[in-house]
Amino acid sequence: MVHHYLPIFLIVLGAAIVPFIARRMRVPSAALEIVYGLLLFNFILDERPGWFPLFRELGLVYLMFIAGMELDLRSLWRGGRAGWYVLVSVVSFTLTPLLFVALGLPFFLGVAVAMISAGIVVPVLKETGLMKTPLGQKIMGVVLTGELLSIMVLALIDAYHKHGMTWLAATDLLKLTLVFALAVVVLKAMRLLAWWYPARVQKVMESEDPVEEGVRIVVTVAFAGGLLAILVGAEAILGSFLMGVVFTFVFRNKGRFEEKINALGFGFLIPFFFIGVGSDLTLDVLTSWDTVLLAVFLTLAVLVSNLSPLLVARPLGLTLREAAAMAILLSAPLTMIVVAGTMGERIGVLSPEMTGPLVLTALLASLLYPSLFRPLAQKVASEEQEKTNQNSQ
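These numbers were taken from a predicted model, which means no experiment stands behind them. (Residues numbered from 1 in each chain as written. Predicted model: local features only at pLDDT ≥ 70, side-chain atom pairs only at ≥ 80, totals over all residues. Heavy atoms only, no water.)

Right, let's talk about the overall build of the protein for a bit. Summing up its helical and strand segments, the protein has 19 helices and 0 strands in all. Within the protein, the fraction of its 393 residues that count as buried is 51%. The contacts of the protein with a sequence gap of at least 6 include a subset with a gap of at least 24, amounting to 80%. Surface accessibility of the protein: about 18,700 Å² in total, with carbon and sulfur atoms responsible for 67%. (Helix = DSSP H or I, 4+ residues; strand = E, 2+ residues; numbered from the N terminus. Buried < 20%, exposed > 50% of the residue type's maximum accessible area, 1.4 Å probe, protein only. Contact = heavy atoms within 4.5 Å. Areas by Shrake-Rupley, 256 points an atom, 1.4 Å probe, with all protein chains shown as cover.)

Put into structure tokens, the structure is as follows:
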């Protein structure tokens, strides 16, 4: 009996302790969860429990649903700079994989390095107090657009890998589009029901709901998206992400309900995924000089792939310092790099020998670049305060 309960206790214990340590060290919790998984499964537990891969998959699917919820399509287009936001990601996804191929490295490895994710960016912007500033809003525009394009790129690669340049690949993408359309119809119907029964919905969306009906519905929606994607031949993470996008598009005012959704994900399910990623790392990866050197190279490549804000600083209304700060913070795409690596190994376009350095790269980037961003953020914040004071005089 102890053999069955000890692993889940140690994993949950790590998920409970790691955020406190991460806050003291001022590093992302997800990065330390990967480190915890590495230590746990290399020094304490001899093997992974049979249930662990399932919980890891559930954490990934729910993580992508929450990532989709962060994407507000209306606000992206409302700012008038959506085209420039898209250009930043397009430049990265075009040039980085081609550069990797020219260097004799796998094309998909370049795609993984070019990933953009909001998982680290959002908490860092909140911590530095830049979330509501013009710079913070522009960074959010770029990162959310980039995350959407990252998912679209993974969907295209998944379809191409399965069917090549054939009509079957186009059919798979069409099916995924139909899943998206179906999700819109279903959630629109739910919103119509909410209009008919406002009191009932208000109870579900507020914290007084004793059985958490709303949370149960959201969990069902998240995994329904993953299931639908699998049924049409796509990756589950694509369906759950799209379902999260649609959910936010339909239910714009989520209030405290969103806090419940995040609490379930980041408090329980999602740590299983990051700890699981760490469990795949072995001591051989860390003690291999070639692997460490490759990870360092990839970490630098992540920064190079995100230098495009420097080229479009003027259209985005940024100073060079602000554009540099944006480029540095965009270079911490922990979640999407790990997701891309996991998917790449699963579909066979990335060897296991490359997955380890890629995860190590995600760790290094998520620790290094937010640390470099913080002093720049302080200077930018002080400059904006000076401008505000001058305008008020």
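Don't stop here, the text continues.
Our focus in this paragraph is the pattern of salt bridges. Enumeration according to the criterion identifies 3 salt bridges in this entry. Its salt-bridge partner being Arg48, residue Asp280 comes within 3.1 Å of it at the nearest N-O pair. One end of the pair, Asp280, is in helix 13 (residues 256–280); the other, Arg48, is in the loop between helix 2 (29–44) and helix 3 (52–69), and 232 residues separate them in sequence. On the basis of relative accessible area, Arg48 is assigned to the partly exposed category, the value being 42%. For the salt bridge of Asp280 with Arg56, the shortest nitrogen-to-oxygen distance reads 2.6 Å. Residue Asp280 is located in helix 13, and its partner Arg56 is located in helix 3; the two are separated by 224 residues in the primary sequence. Asp280 gets classed as partly exposed once you look at its relative accessible area, which sits at 40%. By relative accessible area, Arg56 is classed as buried at 17%. (Salt bridge = Lys/Arg side-chain N within 4 Å of Asp/Glu carboxyl O.)

Right, let's get into helix 5 (residues 82–102). Its 21 residues give helix 5 an end-to-end C-alpha distance of 31 Å, which sits within 8% of 30 Å, the value for a rise of 1.5 Å per residue. Those residues of helix 5 that sit buried are Ala82, Tyr85, Val88, Ser89, Ser92, Phe93, Thr96, Pro97 and Phe100. The buried side chains of helix 5 occupy one side of the element, clustering within an arc of 130° when seen end-on. Facing away from the buried side of helix 5 by more than 90 degrees, the exposed set consists of Leu95, Leu98 and Ala102. Taken from the residues just after helix 5, Gly104 is the one with a positive phi, measuring 80°. (Expected span 1.5 Å × (residues − 1). Arc of directions from axis to C-beta.)

Here the focus is the packing of helix 3 against helix 18 (residues 334–347). The geometry of helix 3 relative to helix 18 is characterised by a closest axis approach of 12 Å and an angle of 130° between their N-to-C directions. By the angle between their directions, the pair helix 3 and helix 18 is classed as oblique. Of the two elements, helix 3 crosses helix 18, and the hand of that crossing is left-handed. Between helix 3 and helix 18, the residues in contact are Arg56, Glu57, Leu60, Leu63 and Met64 and Thr335, Met336, Val339, Thr342 and Arg346, respectively. Looking at the contact of helix 3 with helix 18 residue by residue, the classes come out as 5 nonpolar, 2 polar and 3 charged. (Axes fitted to C-alpha atoms, helices over the stretch in contact; angles between N-to-C directions. Parallel < 35°, antiparallel > 145°, perpendicular 65-115°, else oblique. Left-handed = near helix turned anticlockwise from the far one by under 90°. Nonpolar A, V, L, I, M, F, W, Y, C, P; charged D, E, K, R; others polar.)

A few words on the side chain of Ser89. Among the structural elements, Ser89 can be located in helix 5. Setting aside residues up to four positions removed in sequence, Ser89 forms contacts with Ile116, Val142, Thr145, Gly146 and Leu149.

Let us now look at the packing of helix 5 against helix 15 (residues 289–305). Contact pair helix 5 / helix 15: the axes reach a minimum separation of 10 Å and the direction vectors enclose 145°. With respect to the hand of their crossing, helix 5 and helix 15 are arranged in right-handed fashion. Across from Ser92, Thr96 and Phe100 in helix 5, the residues of helix 15 making contact are Phe297, Leu298, Ala301 and Ser305. Residue composition of the contact of helix 5 with helix 15, by class: 4 nonpolar, 3 polar and no charged.

Structurally, Ser150 is set in helix 8 (residues 134–163). A distance of 3.2 Å separates a polar side-chain atom of Ser150 from the backbone nitrogen of Ile116. (Polar contact = N/O pair within 3.5 Å; in protein donor to acceptor, adjacent residues only side chain to side chain.)

The description of an aromatic ring pair rests on the distance of the ring centres and on the angle between the ring planes. A complete count under the given rule lists 11 aromatic pairs for this structure. For the pair Trp51 and Phe55, a centre-to-centre distance of 5.4 Å together with 75° between the ring planes defines the contact as edge-to-face. Centroid distance Phe55 to Phe272: 4.9 Å. Interplanar angle 50°. Geometry classified as tilted. Linking Phe55 in helix 3 with Phe272 in helix 13, this pair joins segments that are 217 residues apart in sequence. (Phe/Tyr/Trp six-rings, centres within 6.5 Å; stacked < 30°, edge-to-face > 60°.)

With that settled, consider a nonpolar patch on the surface. Residues Leu6, Phe9, Leu13, Ile17, Phe20, Ile21 and Met25 make up a contiguous nonpolar surface patch of roughly 670 Å² in combined accessible area. As for its placement among the helices and strands, Met25 is situated in helix 1 (residues 2–25). (Patch = residues over 30% accessible without salt bridge, like charges linked within 9 Å, V, L, I, M, F, W, Y side chains within 5 Å.)

Formed by 99 residues in total, the largest nonpolar core has its most connected members in Ile34, Leu125, Leu154 and Phe373. Contacts of Phe373, omitting those with residues within four sequence positions, involve Val124, Leu125, Thr128, Leu130, Ile139, Ala325, Ile328 and Leu329. Judged by nonpolar contacts, the second largest core, of 13 residues, contains Ile11, Ala22, Leu32 and Phe52. (Core = buried A, V, L, I, M, F, W, Y, C linked by side-chain atoms within 4.5 Å.)

Right, let's talk about the environment of Met326 for a bit. Among the structural elements, Met326 can be located in helix 17 (residues 320–330). Look at Met326 and you get buried, because its relative accessible area is 0%. Residues Met326 and Asn306 lie 20 residues apart in sequence; the distance between their C-alpha atoms is 8.7 Å. Among all residues touching Met326, those that are not within four sequence positions of it are Lys138, Ile139, Val142, Pro309, Leu316 and Leu318.

Next up on the list: the environment of Pro106. Here Pro106 lies in the loop between helix 5 and helix 6 (107–113). Considering only alpha carbons, one finds Pro106 and Val349, 243 residues apart in sequence, at a separation of 8.3 Å. The residues touching Pro106, leaving out its near neighbours within four places in the chain, are Phe100 and Met354.

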